[in-house]
Amino acid sequence: LNTRKGALVGFAGALAHESGRLPHGTGRHIPMIQLSGRGAVLIEPRTTLRSLGVRAERRVVDRGEDVLGWTGRLLPQPAGPEDAPASSAGFVAFSGDGALLLDPG
């Protein structure tokens, strides 16, 4: 599980954690935490949490500010103008297999 640092309330069990960053094309990064292993995780979304499946054959593009985290083997990359709606900055393209956790606040 990768989750936004500010949304992670706590975790327990045999989980390892590592700091990371989500680049989203505006020159800034969103602080993230990568958790691996077995255990429980408590995250607090700003609004209603949504889940969106991602498959290797279809990339998913969403606003970086809406990304709460993801599960599985997803590779995030800043979306180029050709992939972002209205060529806007701040979007992230995800490829691979997993689930994207969105918190459109």
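The structure this text deals with has already been given above.
Figured I'd write up the structure that's included with this text.

Analysis parameters
Residues numbered from 1 in each chain as written. Predicted model: local features only at pLDDT ≥ 70, side-chain atom pairs only at ≥ 80, totals over all residues. Heavy atoms only, no water. Helix = DSSP H or I, 4+ residues; strand = E, 2+ residues; numbered from the N terminus. Rg over C-alpha atoms; globule rule 2.2 N^0.38 Å. Buried < 20%, exposed > 50% of the residue type's maximum accessible area, 1.4 Å probe, protein only. Contact = heavy atoms within 4.5 Å. Core = buried A, V, L, I, M, F, W, Y, C linked by side-chain atoms within 4.5 Å. Salt bridge = Lys/Arg side-chain N within 4 Å of Asp/Glu carboxyl O.

### A few points about the overall build of the protein chain
Along the backbone of the protein chain there are zero helices and seven strands. Each helix and strand of the protein chain, placed in order from N terminus to C terminus, yields the pattern β-β-β-β-β-β-β. Here the protein chain has a C-alpha radius of gyration of 13 Å; the compact-globule value for 105 residues is 13 Å, and the two agree. Seen through its principal axes, the protein chain has C-alpha atoms that stretch 45 × 25 × 25 Å.

### Section: the environment of G64
Inspection of the secondary structure assignment puts G64 in the loop between β5 (60-63) and β6 (67-78). Among the residues examined, G64 registers a relative accessible area of 0% and is labelled buried. Residues G64 and K5, 59 residues apart in the sequence, show an inter-C-alpha distance of 14 Å. Not counting chain neighbours up to four residues away, the residues in contact with G64 comprise R4, L22, H24, I30, G90, F91 and V92.

### A word on the nonpolar core
In this structure, L22, I30, M32, V54, V60, V67, W70, L74, V92, F94, L100 and L102 together form the largest nonpolar core, which totals twelve residues. Residue assignment for this core shows that the elements contributing at least two residues are β3 (29-43), β6 and β7 (91-102). Per-element accounting of this core gives the leading share, four residues, to β7. When neighbours within four sequence positions are excluded, M32 is seen to be in contact with N2, T3, R4, K5, E18, S19, G20, R21, L22, L68, G69 and W70.

### Things to note about the side chain of N2
Along the chain, N2 turns up in strand β1 (residues 2-4). Setting aside residues no more than four positions away along its own chain, N2 makes contact with M32, I33, Q34, L68, G69 and W70.

### Regarding the pattern of salt bridges
Under the counting rule described, the total for this entry stands at four salt bridges. Close ionic contact of D103 with R46 constitutes a salt bridge, the shortest N to O distance being 3.4 Å. Placement of D103 in the segment after β7 and of R46 in the loop between β3 and β4 (50-54) is noted, with a sequence separation of 57 residues between them. Put simply, R59 and D83 hold a salt bridge, and the shortest N to O gap is 2.4 Å. With a gap of 24 residues between them, R59 in the loop between β4 and β5 and D83 in the loop between β6 and β7 connect regions that are remote in the sequence. Of the residues examined, R59 reaches a relative accessible area of 39% and is grouped as partly exposed. In this structure D83 comes out as partly exposed when scored by relative accessible area, which is 32%.

### Points about the environment of A7
Structurally, the position occupied by A7 is in the loop between β1 and β2 (8-23). The class of A7 is buried, set by a relative accessible area of 5%. Note: C-alpha distance between A7 and I43 (36 residues apart in sequence) is 5.3 Å. Once residues within four sequence positions are removed from consideration, A7 is found in contact with L42, I43, E44 and L68.

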